[in-house]
Amino acid sequence: FTGESRYLAMVLKKGVQIPVMTVLNNGRELETRFAKYYRNTVTNHIADEFSYGKYWSAIDSLLGTKKVIYFSPDGVYNQINVNTLHNAAGEYVLTRREVMLLGNPKDLLKVKRVSTTGLSKKAFLLGFPDYQGRATPLPGTRTELENISKVLKTAGFGVTMKTQAEATETGLRGASGSSLVHIATHGYF
């Protein structure tokens, strides 16, 4: 109960019995000062030359050449998008690795049981809801959905898209059976 916080990153690799770990001792700064800086760069479209080093480089160094990683974020890591971080050479995490988000580490067991051969080519897109004055619409979400829809249709996906009055919690239930779900709206964690 010192008021300090630390983050522990554990990397589990196939065939290795003991995870590799690193401790980020600057948890309080990650949650306050650095998080504020990150949000400011995103909001104001400012180049972020700092956040990769604070949030990801120590973790990235443990990953080696792995292309697909399963990432279960906690704390401040739920407030940042690691795919938007880039190293000094300008390489984004997104271009170097496929980051699969897990709500909980135990979800990895479920992911590994699912066979990718039987997945449908059905995509479900939801976003640009009608907030009816309760929130400000996010700029660009309609265009985001339209562009993603075009890409998916070109790749042979059947696309269901719910926007405006249909972009609701009830509308989201229509995602059942889709192999890909994309949500473009405000999120509260």
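Residues numbered from 1 in each chain as written. Predicted model: local features only at pLDDT ≥ 70, side-chain atom pairs only at ≥ 80, totals over all residues. Heavy atoms only, no water.

Turning to unusual backbone geometry, a few remarks are in order. Phi is positive for His-45, close to 55°, though the residue is something other than glycine. Looking at His-45, the relative accessible area reads 74%, which means it is exposed. Positive phi, normally seen in glycine, also occurs at Phe-128, with a value near 45°. Secondary-structure assignment places Phe-128 in strand S5 (residues 122-129). A residue is classified by how much of its surface remains accessible, and Phe-128, at 18% relative accessible area, is buried. (Buried < 20%, exposed > 50% of the residue type's maximum accessible area, 1.4 Å probe, protein only. Helix = DSSP H or I, 4+ residues; strand = E, 2+ residues; numbered from the N terminus.)

Moving on, we get to the confidence of the model for the chain. As a note on interpretation, predicted positions should not be read in detail where pLDDT is low. In this model, the chain carries an average pLDDT of 87, and 94% of its residues clear a pLDDT of 70 or more. Per-element confidence in the chain ranges from a low mean pLDDT of 70 for helix H5 (residues 107-113) to a high of 95 for helix H3 (residues 51-63). (pLDDT = per-residue confidence, 0-100.)

Further remarks concern the pattern of salt bridges. Summed over all chains, the structure comprises 4 salt bridges. The closest approach of N and O atoms between Asp-60 and Arg-97, which form a salt bridge, is 2.8 Å. Here Asp-60 is found in helix H3, whereas its partner Arg-97 is found in the loop between helix H4 (93-96) and strand S4 (98-101), with 37 residues between them in sequence. In this structure, Asp-60 and Arg-97 share a single accessibility class: buried. Across the pair Glu-169 and Arg-173 runs a salt bridge, and its minimum N-O distance is 3.8 Å. Considered together, Glu-169 and Arg-173 belong to a single accessibility category, that of exposed residues. Beyond isolated ion pairs, a larger network of salt bridges with shared partners links Asp-60, Arg-96 and Arg-97. (Salt bridge = Lys/Arg side-chain N within 4 Å of Asp/Glu carboxyl O.)

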